[in-house]
There are 2 protein chains.
Amino acid sequence: MSTEKIPYKIFLSEEELPRRWYNVRADMKKKPAPLLDPATGKPCTPEQLSAVFCDELVKQELNETDPYIDIPEPIIDFYRMFRPSPLIRAYCLEKKLDTPAKIYYKFEGNNTSGSHKLNSAIAQAYYAKAQGLKGVTTETGAGQWGTALSMACSYFELDCRVYMVKVSYEQKPFRREVMRTYGAKVTPSPSDTTDVGRRILAEFPGTNGSLGCAISEAVEAAVSTPGYRYVLGSVLSQVLLHQSVIGLEAKAALDKYGVKPDIIIGCAGGGSNLGGLISPFMGEKLRGEADYRFIAVEPASCPSLTRGKYAYDFCDTGKVCPLQKMYTLGSGFMPSPNHAGGLRYHGMSSILSELYDQGLMEARSVEQTSVFEAAEQFARVEGILPAPESSHAIRAAIDEALKCKETGEEKTILFGLTGTGYFDMYAYEAYNNGTMTDYIPTDEEIAASLAKLPHIG
Amino acid sequence: MSTEKIPYKIFLSEEELPRRWYNVRADMKKKPAPLLDPATGKPCTPEQLSAVFCDELVKQELNETDPYIDIPEPIIDFYRMFRPSPLIRAYCLEKKLDTPAKIYYKFEGNNTSGSHKLNSAIAQAYYAKAQGLKGVTTETGAGQWGTALSMACSYFELDCRVYMVKVSYEQKPFRREVMRTYGAKVTPSPSDTTDVGRRILAEFPGTNGSLGCAISEAVEAAVSTPGYRYVLGSVLSQVLLHQSVIGLEAKAALDKYGVKPDIIIGCAGGGSNLGGLISPFMGEKLRGEADYRFIAVEPASCPSLTRGKYAYDFCDTGKVCPLQKMYTLGSGFMPSPNHAGGLRYHGMSSILSELYDQGLMEARSVEQTSVFEAAEQFARVEGILPAPESSHAIRAAIDEALKCKETGEEKTILFGLTGTGYFDMYAYEAYNNGTMTDYIPTDEEIAASLAKLPHIG
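Residues numbered from 1 in each chain as written. Chains lettered and ligands numbered in written order. Predicted model: local features only at pLDDT ≥ 70, side-chain atom pairs only at ≥ 80, totals over all residues. Heavy atoms only, no water.

**Thoughts on the confidence of the model for chain A**
How we decide: Known as pLDDT, the predictor's confidence for each residue is given on a scale from 0 to 100.
Residues with a pLDDT of 70 or more make up 99% of chain A, whose mean pLDDT is 94. Model confidence for the complex is summarised by a pTM of 0.95, with the ipTM given as 0.92.

**Some points on the interface of chain B and chain A**
Inclusion rule: Whether two residues touch is decided by their heavy atoms; if any such pair falls within 4.5 Å, the residues are in contact. Joining two parts hides part of their accessible area as seen by a 1.4 Å probe, and the buried area is that hidden amount summed over both. Criterion for a salt bridge: a side-chain nitrogen of Lys or Arg within 4 Å of a carboxyl oxygen of Asp or Glu.
Tallying the contact residues gives 44 residues for chain B and 44 residues for chain A. When chain B packs against chain A, the two sides together hide about 4200 Å² of surface, and 55% of this comes from carbon and sulfur. On the chain B side of the interface with chain A, the three residues burying the most area are Phe174, Thr181 and Tyr422 of chain B, jointly 17% of the side's total. In this structure, the connection of chain B to chain A is made through 6 salt bridges.

**Concerning the pairing of strand S5 (residues 102-107) of chain B**
Residue and element names in this part refer to chain B. For clarity, the threshold we go by: Residue burial is assigned from relative accessible area. The probe radius is 1.4 Å, only protein chains are included, and a residue is buried under 20% of its type maximum, exposed over 50%, and partly exposed in between. We count a stretch as a helix when DSSP gives it H or I for four or more residues in a row; a strand needs E for two or more, and each element gets its number in order from the N terminus. Each pair of strands is called paired provided DSSP finds at least two bridges between the two strands.
Across the 6 residues of S5, 5 count as buried, placing the element largely inside the fold. Sheet topology places strand S4 (residues 87-89) next to S5; 3 bridges connect them, and they run antiparallel. Residue pairing for S5: Arg89 is matched across the bridge by Tyr104. As paired elements, S5 and strand S15 (residues 412-417) share 6 bridges and run parallel to each other. If you follow Phe107 over to S15, its bridge partner there is Leu417.

**Description of the packing of helix H5 (residues 117-130) of chain B against helix H11 (residues 237-256) of chain B**
Residue and element names in this part refer to chain B. Heads up, the condition is: The axes used here are C-alpha line fits, helices contributing only the stretch in contact, and every angle between their N-to-C directions lies in the interval 0 to 180 degrees. Angle categories: roughly parallel below 35 degrees, roughly antiparallel above 145, roughly perpendicular from 65 to 115, and oblique for all the rest. Handedness of a crossing is defined here by the sense of rotation of the near helix relative to the far one, left-handed for an anticlockwise turn of less than a right angle and right-handed for a clockwise turn.
Contact pair H5 / H11: the axes reach a minimum separation of 8 Å and the direction vectors enclose 125 degrees. With respect to H11, the element H5 is oriented oblique. As H5 runs across H11, the sense of the crossing is right-handed. Residues Lys117, Asn119, Ser120, Ala123, Gln124 and Tyr127 of H5 form the contact with H11, whose participating residues are Gln238, Val239, His242, Gln243, Val245 and Ile246.

**Describing the relation of the copies chain B and chain A**
Rule in force here: Each copy is superposed on the other by least squares, with the fit set by C-alpha atoms of residues at a pLDDT of at least 70 in both.
When chain B is fitted to chain A, the best match, at an RMSD of 0.0 Å, comes from turning it 180 degrees and sliding it 0.0 Å along the axis. Each copy turns onto its partner about a two-fold axis. Closest to the rotation axis within chain B is the C-alpha of Asn110 of chain B, separated from it by 3.1 Å. Both copies present the same face, since 100% of the interface residues in chain B are matched by interface residues at the equivalent positions in chain A.

**A short note on unusual backbone geometry**
For the bond running from Ser189 of chain A to Pro190 of chain A, omega is 5 degrees, close enough to zero to count as cis. Turning to its location among the elements, Pro190 of chain A is positioned in the loop between strand S8 (185-189) and helix H9 (195-203). Cis rather than trans, the peptide bond between Arg83 of chain B and Pro84 of chain B has omega equal to -10 degrees. In this structure, Pro84 of chain B sits in the loop between helix H3 (73-79) and S4.

**Things to note about the domain arrangement of chain A**
Residue and element names in this part refer to chain A. The condition is simple: Domain start and end points were adopted from an automatic or database domain assignment. Pairs of N or O atoms are called polar contacts if they sit within 3.5 Å, as long as, within protein, a hydrogen donor faces a hydrogen acceptor (for residues adjacent in sequence, only side-chain-to-side-chain pairs).
Its domain assignment divides chain A into domain 1 (9-16 + 83-114 + 243-450) and domain 2 (22-70 + 117-237). Measuring from the centre of the C-alpha atoms in domain 1 to the corresponding centre in domain 2 gives 23 Å. Contacts between the two partners involve 41 residues from domain 1 and, on the opposite side, 37 residues from domain 2. Between domain 1 and domain 2 lies a buried interface of about 3400 Å² when both sides are counted; carbon and sulfur atoms form 62% of it. Ranking the residues of domain 1 by area buried against domain 2 places Ser113, Ile351 and Phe423 at the top, with a combined share of 19%. At the junction of domain 1 with domain 2, the criterion picks out 2 salt bridges. With its nearest N and O atoms 2.9 Å apart, the salt bridge here joins Arg287 to Asp27. Inspection of the domain 1/domain 2 interface yields 11 residue pairs in polar contact (both at pLDDT 80 or more). Counting only elements with at least two residues in the side of domain 1 that touches domain 2, the list comes to helix H11 (237-256), helix H12 (272-286), strand S12 (309-314), strand S13 (323-328) and helix H14 (350-357). With 6 residues, the top contributor of residues to the side of domain 1 that touches domain 2 is H12.

**Regarding the nonpolar core**
The condition that has to hold: Only buried Ala, Val, Leu, Ile, Met, Phe, Trp, Tyr and Cys residues count toward a nonpolar core, and they belong to the same one when joined by side-chain atoms within 4.5 Å.
Of all hydrophobic cores here, the largest spans 247 residues; its most connected members are Trp21, Ile265 and Phe415 of chain A together with Trp21, Ile265, Met361 and Phe415 of chain B. Not counting chain neighbours up to four residues away, the residues in contact with Phe415 of chain A comprise Ile103, Tyr104, Tyr105, Lys106, Ile265, Leu277, Phe378, Ala393, Ile394 and Ala397 of chain A.

**A word on the sheet that holds strand S1 (residues 9-10) of chain B**
Residue and element names in this part refer to chain B. Here 7 strands make up an open sheet; going across it, the order is S1-S4-S5-S15-S10-S11-S14 and the pairing mixed. In the strand order of this sheet, the two ends are held by S1 and strand S14 (362-366), each with one partner. Across the face of the sheet, H11 comes into contact with S1, S4, S5 and S15 while running at roughly 140 degrees to S5. Running over the sheet, helix H15 (residues 368-382) touches S4, S5, S14 and S15 and is turned about 95 degrees from S14.

**A look at the sheet that holds strand S7 (residues 159-165) of chain B**
Sheet strands line up and pair through hydrogen bonds in the backbone, either parallel or antiparallel. Residues and elements named next belong to chain B. Spatially, 4 strands are ordered S8-S7-S6-S9 in an open sheet, and the strand pairing comes out parallel. Each having just a single partner strand, strand S8 (185-189) and strand S9 (228-230) make up the two edges of the open sheet. Each neighbouring strand pair of the sheet contributes to a mean axis angle of 25 degrees, computed without reference to strand direction. Here strand S6 (residues 135-140) pairs with S7 via 6 bridges, running parallel. If you follow Thr137 over to S7, its bridge partner there is Arg161.

Put into structure tokens, the structure is as follows:
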């Protein structure tokens, strides 16, 4: 333990980069429920999954027993370009809030994809390349995941086909151009390149597209093109595994200074960042070695943990993927159009869902105007313009720090700052102009969506 | 000297942050020519300059003798949020180019302003605050400097009024919104808030604005508003002084591993980044302690060093600022509208102009399609999407590395990667679509512009 003053930014050296990912399922007594084949209602076999995903990633997806999985050297080399990421002590925010709390954040935005998504993208691209594949397909909404995957594929000289929700493709051209700069083929979805796309275009000629439709197109393109597989940026357990590098680094950096967080906070959409950040800490809690409070923060407009149901559901709107047991609002749930930024997935990682169900993690929802208020406050003192998604965690961290101010407690708060908001300026503009609104779905809306859940055992 | 393998990213610790800026003028035998009052043709007095600039900054502007100037502690504290910036060994680019050259770049883009501009913005904001001023004014084109200044003013709770070229304000709203998020008041220029703005609007009602007009408005707003001063993001010697932190850190990082660069390359618009990067190395060369090749890289469409004249000229199109002796294309010179990104200033830092005139530095110009080709090549292997400005340096660095490949020489190349291109995606789009063009001004165009230089001794 170092006794020197804790710096603003704690950087681990490249030699201290984690060499193994941590698989939190290995320490869970009750494991997440298995993926089911929607046709038979039986657990998916590795063979079934291998038609869609790379072989090694299928193994990782199904691996519930090995606590550590070696990170291949070529992935480590890529990580060196932007990792270890800094763990930042928010001295300026603490001062501004006048709180006795000590606030740290793990910043994942210092890479061109602008978020933590790159941690898993490079892993998935690597395994695709190692399997001798020609390329991968995926979907993207606003483009954060698609950008990360494009960078990863470019590095390994792998074809990358991204189905981008049409309205984003047309109205938010910047991320599209980043992807193209990295050599990706970006197709507005729905498109005439797939059966499902043509079907949807025939039925709804003027459609703006949706993430569900883009997933269906990407999966169809992968399974119908020799040498291709489909990859996904969140929700899956393999993604949480790769993202554990966030938590492992954060823990190593805090350990250096003998700091133990009381509260660990992350935003939650599909759960990739939150799961990655908390994994090694959760492992200690599961093994009875330490205790922490974990808080998942989700948008009030898409509250899967706080208002959803723990049940089997489709992972995609097109219902082509396996069924997963998770907290869900129903695969047909669409957040209000006024919802800015990501975190708009109807369900949640099966690992996080199970941990939440076991009472090992808390969850709360926050409204977006209060999220942007926190984002602006943070940006002005910490010098980083945060992504709307990340700002959900900032909101909760500020709220906890203000509670400490009231009680005088010197709690240590760690949160995940997943990325930057440089491609989200329309949302900031709405906030700056005072035209941003909130929307909380009614109980009836959620009940109507949940009524369409598949009927499984 | 460390004998371990040089990592991808060399990070200095916060304790190693430079505590003093380096003033290269102190080591120049022949100093840059003084600023002149356009009304009298005589050197500007500190009193004259203090009407426009903060007192302490006037002292720095005129200080040709002190080699080192202490960095005030509050500026150091702000620097801690994003400095020391990484010095990166471009292992992946070297491999891609298959060159024996060793390439390093000092990356200044890991902060929300997205560039090195923040290094001087925070200094200028600090001195304004320390003088008890209420606020500062400035102009911005695409918004890089305005963003940096907004962040700095927000930190010191200083009013910030930015006059933004109207066409950028309307067509590139993203940086405008970043500035507003940091609390700046952003006004499209020309505006009805100043005499000069009203005059121009009356004469040219449909004008898109220009940087020259925005400077004139910002200066007028500063001198006519009690408690305000004007600040500028490049060209001035005080700015090069603040930016010397780039070179000081780069040198300290290289020294740690016993590395001595053979060639040091930077893009050059007004000269703030290039001057900052090379200053401490140039100091060694001026003192006869070491030798380096320095290469300034400018756009072929705005070639002040390579095709301009070394003469006194106006610093601004509105002719309200002092006269400066510099390499210039004439204050009325406008780069072709097809020119993407910055580096569009008609003149050059007086320090760099004098060093170039003395033969201590080389200069070359490059065309923008070849710049974007280098940018894309760099992005795909190094994982950072560079700003168009920075990519001029990348172009030259790649060219030098390819020469080494031909000759087999293992030269060490250092270049400045000033920032990221996240707000320049229209230019990348044009490159991706194959619609980007080049333009080289004719000799007649440049001669016509130079014919209007002021007649000074």
